Amino acid sequence: MVSVADLIGTPFRDGGRDPKTGLDCWGLVMEVFRRMGITVPDYGVTVPSAWDGTRVDRAAREAEAAGTWLPVARPQPGDLIAMHTDPYLPADVITHFGVVIGTNQFIHQVDKRRCEAPRLTSEWRPSFRGFYRWRG
């Protein structure tokens, strides 16, 4: 896995795709994969509020259906983690992404705050919707 330590603390910016000026959750995913030498599509997904959470879900489901992101049961560093973090949308709607960076740890852009790398503990179980592996 590539180093992502310098991304910790990166400020949130809606639609952000540059770590120097700020990232949203998909911008962070794109940056981590860029460092791994992989170009992932910019689905144009941002999650500033509940009204567009369905766009995130639609992009996630389209990518899975196209076979670009394959569901996996045992995540490895570099796998995508999909979550539901919006209480105003149905529970099966994917609204947030992060990247697995180690055993039980992932990096994600906390909505409206900053990038962090928490442990994947039971605290996240209600939000968790699946792990996916890139097959571009």
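Parameters and conventions
- All residue numbers refer to positions counted from 1 along the written sequence of the respective chain.
- Note on the predicted model: pLDDT of at least 70 is required for a residue's local features to be given, and 80 or more for side-chain atom pairs to be given and counted; whole-chain, interface and lining totals, by contrast, use all residues.
- Remark: hydrogens and water are excluded; side-chain values derive from all non-hydrogen atoms of the structure.
- A carboxyl oxygen of Asp or Glu within 4 Å of a side-chain nitrogen of Lys or Arg is what we treat as a salt bridge.
- Starting at the N terminus, helices and strands are each numbered in turn, a helix being any DSSP run of H or I of at least four residues and a strand any DSSP run of E of at least two.
- The rule is simple: take the accessible area with a 1.4 Å probe, protein chains only, and divide by the maximum for that residue type; under 20% is buried, over 50% is exposed, in between is partly exposed.
- Stacked, tilted and edge-to-face pairs are distinguished by plane angle, under 30 degrees for stacked and over 60 for edge-to-face with tilted covering the rest, among Phe, Tyr and Trp rings (Trp via its six-membered ring) whose centres lie within 6.5 Å.

(A) Examining the pattern of salt bridges more closely. Applying the stated criterion across every chain, the model contains 7 salt bridges. Put simply, arginine 35 and aspartate 6 hold a salt bridge, and the shortest N to O gap is 2.6 Å. In this pair, arginine 35 sits in helix α1 (residues 25-35) while aspartate 6 sits in the segment before β1 (17-18), placing the two residues 29 residues apart along the sequence. Residue class for arginine 35 comes out partly exposed when judged on its relative accessible area of 24%. Judged by its relative accessible area of 52%, aspartate 6 is exposed. With its nearest N and O atoms 2.7 Å apart, the salt bridge here joins aspartate 79 to arginine 133.

(B) Geometry of the packing of aromatic side chains. Counted according to the given criterion, the structure contains 6 aromatic pairs. Measuring from ring centre to ring centre gives 4.7 Å for phenylalanine 128 and phenylalanine 131, while their planes differ by 50°; the resulting arrangement is tilted. Here phenylalanine 128 falls in the partly exposed class, since its relative accessible area comes to 31%. Chaining the aromatic ring pairs together yields one cluster made of Trp26, Phe33, Trp69, Phe97 and Trp134.

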